[in-house]
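Chains, contacts and geometry: an overview
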Amino acid sequence: FFFSCFERNSDHTISKMAKLSLLLLAAIVALSSAFAPSARTAARVNQVAFAPKAEEQSTSSALFMAEDMTWEGEYPPSKVLGPIMSKMPSGVLAILSMGFLAACVYSCVQSGLLLREPGAVESGEWVKAQYVLMGFGGPLAWGTHVASWIQRKNGM
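Criteria and thresholds
- Residues numbered from 1 in each chain as written.
- Predicted model: local features only at pLDDT ≥ 70, side-chain atom pairs only at ≥ 80, totals over all residues.
- Heavy atoms only, no water.
- Helix = DSSP H or I, 4+ residues; strand = E, 2+ residues; numbered from the N terminus.
- Buried < 20%, exposed > 50% of the residue type's maximum accessible area, 1.4 Å probe, protein only.
- Contact = heavy atoms within 4.5 Å.
- Patch = residues over 30% accessible without salt bridge, like charges linked within 9 Å, V, L, I, M, F, W, Y side chains within 5 Å.
- Areas by Shrake-Rupley, 256 points an atom, 1.4 Å probe, with all protein chains shown as cover.
- Salt bridge = Lys/Arg side-chain N within 4 Å of Asp/Glu carboxyl O.
- Axes fitted to C-alpha atoms, helices over the stretch in contact; angles between N-to-C directions.
- Parallel < 35°, antiparallel > 145°, perpendicular 65-115°, else oblique.
- Left-handed = near helix turned anticlockwise from the far one by under 90°.
- Nonpolar A, V, L, I, M, F, W, Y, C, P; charged D, E, K, R; others polar.
- Core = buried A, V, L, I, M, F, W, Y, C linked by side-chain atoms within 4.5 Å.
- Expected span 1.5 Å × (residues − 1).
- pLDDT = per-residue confidence, 0-100.
- Disulfide = S-S within 2.5 Å.

Some words on the overall build of the protein
Within the protein, the secondary structure is distributed over six helices and zero strands. Seen in sequence order, the protein has helices and strands lined up from the N terminus as α-α-α-α-α-α. Looking at the protein as a whole, 13% of its 156 residues qualify as buried. Look at the contacts in the protein between residues 6 or more apart in sequence, and 70% of them connect residues 24 or more apart.

Here it is in structure tokens:
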């Protein structure tokens, strides 16, 4: 009896793992295609032969006004950081980065302490909204430290 229950759970686990593996593979393929060089195609993409030709849009739209964000060399210009962070000094960005990192570490430690409470995992009491939000401090700390490095390299 014990082994028959184990085999049934094993098949269910394998099925879930197969679905998870397929989902991860699809995500990896989608992400890798985002970084593949785009092919230069003609302007006639998706034109229908019998459709009337629409007039060209004016070049005043925001899409045509986007700046080229490519660069050569070790570090990009400050304009890649956007309109707000490109004007911030590197010291301010470094302090923000440390604050975000501190919030993330604090939330991880506090969540770990809540996990040790008896029955917290079964009831879900260890998941607190403020700790989940503070957990986003990790990616924000990484982004602001990179922005700080860019600003320092650009002399700001």
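Now that the structure has been shown, we can carry on.
Considerations on a nonpolar patch on the surface
Together, Val-127, Val-132, Leu-133, Phe-136 and Leu-140 make up an exposed nonpolar region whose accessible area comes to about 490 Å². Residue placement: Leu-133 occurs in helix 5 (residues 129-135). The exposed category is assigned to Leu-133, whose relative accessible area is 60%.

Quick word on the packing of helix 3 (residues 90-115) against helix 6 (residues 137-153)
Where helix 3 meets helix 6, the closest approach of the two axes is 8 Å, and the angle between their N-to-C directions is 165 degrees. By the angle between their directions, the pair helix 3 and helix 6 is classed as roughly antiparallel. Considering how the two elements wind past one another, helix 3 and helix 6 form a crossing that is left-handed. Of helix 6, the residues touching helix 3 (which contributes Ser-90, Leu-93, Ala-94, Leu-96, Ser-97, Phe-100, Leu-101 and Cys-104) are Gly-137, Gly-138, Leu-140, Ala-141, Thr-144, His-145, Ala-147, Ser-148, Gln-151 and Arg-152. Residues that form the contact of helix 3 with helix 6 fall into these classes: nine nonpolar, eight polar and one charged.

A short note on the nonpolar core
Core analysis: the biggest nonpolar cluster contains five residues, these being Leu-81, Met-88, Leu-93, Ala-147 and Ile-150. Residue contacts for Met-88: discarding those within four places in its chain leaves Leu-93, Leu-96, Gln-151 and Met-156.

Overview of helix 6
In a regular helix each residue adds 1.5 Å, so 17 residues correspond to 24 Å; helix 6 covers 24 Å between its end C-alpha atoms and thus fits that length. Those residues of helix 6 that fall on the buried side of the exposure criterion are Gly-137, Ala-141, Thr-144, Ala-147, Ser-148, Ile-150 and Gln-151. Immediately downstream of helix 6, the backbone of Gly-155 shows phi near 80 degrees, a positive value.

Digging into the confidence of the model for the protein
Chain-level pLDDT for the protein is 77 on average; 67% of the residues reach the 70-or-more range. In the model of the protein, helix 1 (residues 2-34) stands out as the element of lowest mean pLDDT, 69, in contrast to helix 3, which has the highest, 93. This stretch, residues 1-7, has a pLDDT under 50; its non-local contacts, to residues over four places away or in other chains, come to zero contacts.

Considering the side chain of Ser-86
Following the sequence through the fold, Ser-86 ends up in the loop between helix 2 (82-85) and helix 3. With residues near it in sequence (within four places) discarded, Ser-86 still touches Ser-78, Lys-79, Leu-81, Gln-151 and Met-156.

Considering the side chain of Ser-97
With respect to the helices, strands and loops of the structure, Ser-97 is situated in helix 3. Those residues in contact with Ser-97 that sit more than four places away from it in its chain are Ala-141, Thr-144 and His-145.

Description of the state of the cysteines
By definition, a disulfide is the covalent link that joins the sulfur atoms of two cysteine residues. Using the criterion set out here, one finds zero disulfides in the structure. Cysteine Cys-104 remains unbridged, with the sulfur of Cys-108 as its closest cysteine sulfur at 4.3 Å. Residue classification places Cys-104 among the buried positions, given a relative accessible area of 14%.

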